[in-house]
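Chains, contacts and geometry: an overview
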Amino acid sequence: MNYSDTVNWMFQQLPMYQNKGKSAFKKDLTNTLKLSAHLKHPEQKFKSIHVGGTNGKGSTSHMLASILQEAGYKVGLYTSPHLKDFRERIKVNGKLVSKQFVIGFIKRNKSFFESNNLSFFEMTVGMAFDYFAKQKVDIAIIEVGLGGRLDSTNIITPELSIITNIGYDHMQFLGNTLQAIAGEKAGIIKPSIPVVIGQTQQETQPVFKAKANTTNSNIYFADQLVKERYESDLKGNYQAHNIKTVIQSIETLRKLGYKISNSYVKKGLQNVFKNTGLQGRWQILQENPRVICDTAHNKEGLSYTMSQLVTENYNKLHIVFGVVSDKDLVGIMPILPKKAIYYFCKPNVQRGLDAEVLKTVFNNNGLRGNAYPSVVEAFKQAKKVATKDDLIYVGGSTFVVAEII
């Protein structure tokens, strides 16, 4: 199989959450542990940082990687989902895993995957861990896929665990209250391993404190401890929260003996895009008209991007918007600006919500616009209609952004 055959084969293996949703979610770590043993426990051969939370874990992971790279470490970075190419999920010092490695890894282990019915995500986690071990990285930043306690990544014993914040997302798996969701995310807190919490929230603080107490872990709430402000090349206003989480994490790593000077911190934060290739976070794609895309896709994430959007200068606002079918539309509609022209579209994944359905719900709630057969068509129409003084925002789902970047 060549590279595209290999990736297509992976996508077709047992449910893949990004396409299918709930049916792809596995309720235990049995398969991942089996795979780890089969691969001779690669996750034990490198140091790691585990990053979970509802929003901001991708940005936080990339910022940390950028700073550690500037400080001279060889850094593995595992994140999900990808925007364009599967290999974006697995990087070392910002460089994508090679196509040859992907092909070879699947070829070597295909019969094991098939006989054990491994999911796409389980295979990918195994591939990342195997790659980082073979590359002899100094440290790897491992982003949780979904939840924490039962996530395939949760077989590592990291140097540090990070939980950015807790919001209402993926409730069909993680629970209907912030406390329940926090309980699942807190599953990445390990015995005697420090944990940094990005945002203090009344409902979740006791959950994290109780877990840290049980595991005898030092716990740090970044928003209470970090006072200094730092700039980054990631320009979303919401990055201020993520930056605090990163700064506290670096402080904690220093206590563990990592050599990371303040100048590396500043340089790392200013060069996230260059060092790691992160895309889709308040990304300005063009001017005249200005086009901004952002992968925010739940109530908390969208409330930050929308409050920033309305501070921009523009004549008319055009919003290209699509979601997946399990999104809480009732929760997100009040956040979205009524004074805008909407271009409704369905992201090209199985669980994308039909554009006509989205249009009907939004139109009935005072958000006006038309439905289009694809994201590309919706975006094309917005660019056709917009004048140079207008603004186009593209978002609602990571998968919408992926199609126009």
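I will try to describe carefully the structure that is included in this document. Small disclaimer: the values here were computed from a predicted structure and weren't measured.

By the definition in use, this model includes one cavity of 30 Å³ or more. Space inside the largest cavity adds up to approximately 40 Å³. Considering the residues around the largest cavity, the lining is formed by Thr 32, Leu 35, Ser 36, Leu 39, Pro 42, Glu 43, Glu 122, Val 125, Gly 126, Phe 129 and Ile 155. For the lining of the largest cavity, the secondary structure elements donating two or more residues are helix H3 (30-38) and helix H6 (120-135). It is H6 that provides the largest number of residues to the lining of the largest cavity, a total of four residues. Tallied by class, residues from the lining of the largest cavity come to six nonpolar, three polar and two charged.

Moving on, we come to the packing of aromatic side chains. The relation between two aromatic rings is expressed through the spacing of the ring centres and the mutual angle of the planes. The final tally for this structure, using the stated rule, is 16 aromatic pairs. Judged by centre distance (5.3 Å) and plane angle (75°), the ring pair of Phe 344 and Phe 362 falls under edge-to-face. Of this pair, Phe 344 sits in strand E12 (residues 341-344) while Phe 362 sits in helix H16 (residues 355-364), and the two are 18 residues apart along the sequence. Side by side, Phe 344 and Phe 362 carry an identical accessibility label, which is buried. Site record: aromatic cluster; members linked through ring pairs are Phe 46, Phe 101, Phe 105, Phe 113, Phe 129, Tyr 131 and Phe 132. It is Arg 87 that lies over the ring of Tyr 3; its NZ or CZ is 5.6 Å from the centre. The lysine or arginine in question, Arg 108, covers the ring of Phe 101, its NZ or CZ lying 5.9 Å from the ring centre.

What follows deals with the sheet that holds strand E9 (residues 283-286). A sheet is described by the order of its strands in space; here six strands give the open sequence E9-E10-E14-E11-E12-E13, paired in mixed fashion. Where the open sheet ends on each side, the last strands, each with one partner, are E9 and strand E13 (369-371). When the angles between neighbouring strand axes are averaged without regard to direction, this sheet yields 20°. Both E9 and strand E10 (residues 290-293) contribute to a ladder of three bridges, which runs antiparallel. Across the sheet, the residue bridging to Ile 284 is Ile 292, located in E10. The strands touched by H16 within the sheet are strand E11 (317-321), E12 and E13, with E13 carrying the most contacts at an inclination of about 160°.

Rules of the game
- Here the residue numbering is sequential within each chain, running from 1 through the sequence in written order.
- Per-residue local features are limited, in this predicted model, to residues with pLDDT of at least 70; the limit for side-chain atom pairs, both in listing and counting, is 80 or more; totals at the level of whole chains, interfaces and linings are taken over all residues.
- As a rule here, side-chain values cover all heavy atoms of the structure and leave hydrogens and water aside.
- Detection works on a 1 Å grid of protein atoms alone, calling trapped sets that fit a 1.4 Å probe cavities and calling open sets with protein on both sides within 12 Å along at least five of seven lines pockets, with lining residues defined by an atom within 4 Å of a point.
- Grid points are joined across faces, edges and corners, and a volume is the space filled by probe spheres set on the points.
- Only DSSP runs of H or I with at least four residues qualify as helices, and only runs of E with at least two residues qualify as strands; both kinds are numbered from the N terminus onward.
- Each residue receives one of three labels: charged for Asp, Glu, Lys and Arg, nonpolar for Ala, Val, Leu, Ile, Met, Phe, Trp, Tyr, Cys and Pro, and polar for the others, Gly being one of them.
- The aromatic pairing rule takes the rings of Phe, Tyr and Trp, using the six-membered ring of Trp, and pairs them if the centres are within 6.5 Å, calling planes under 30 degrees apart stacked, those over 60 edge-to-face and the rest tilted.
- Only protein chains enter the area calculation, which uses a 1.4 Å probe; residues under 20% of their type maximum are buried, those over 50% are exposed, and those in between are partly exposed.
- Whether a charge sits over a ring comes down to the Lys NZ or Arg CZ being within 6 Å of the ring centre and within 35 degrees of the ring normal.
- When DSSP finds two or more bridges between two strands, those strands count as paired.
- Only C-alpha atoms enter the line fits that serve as axes; for helices the fit covers just the stretch in contact. Angles between N-to-C directions range over 0 to 180 degrees.
- Contacts are assigned to residue pairs with any non-hydrogen atoms lying within 4.5 Å of each other.

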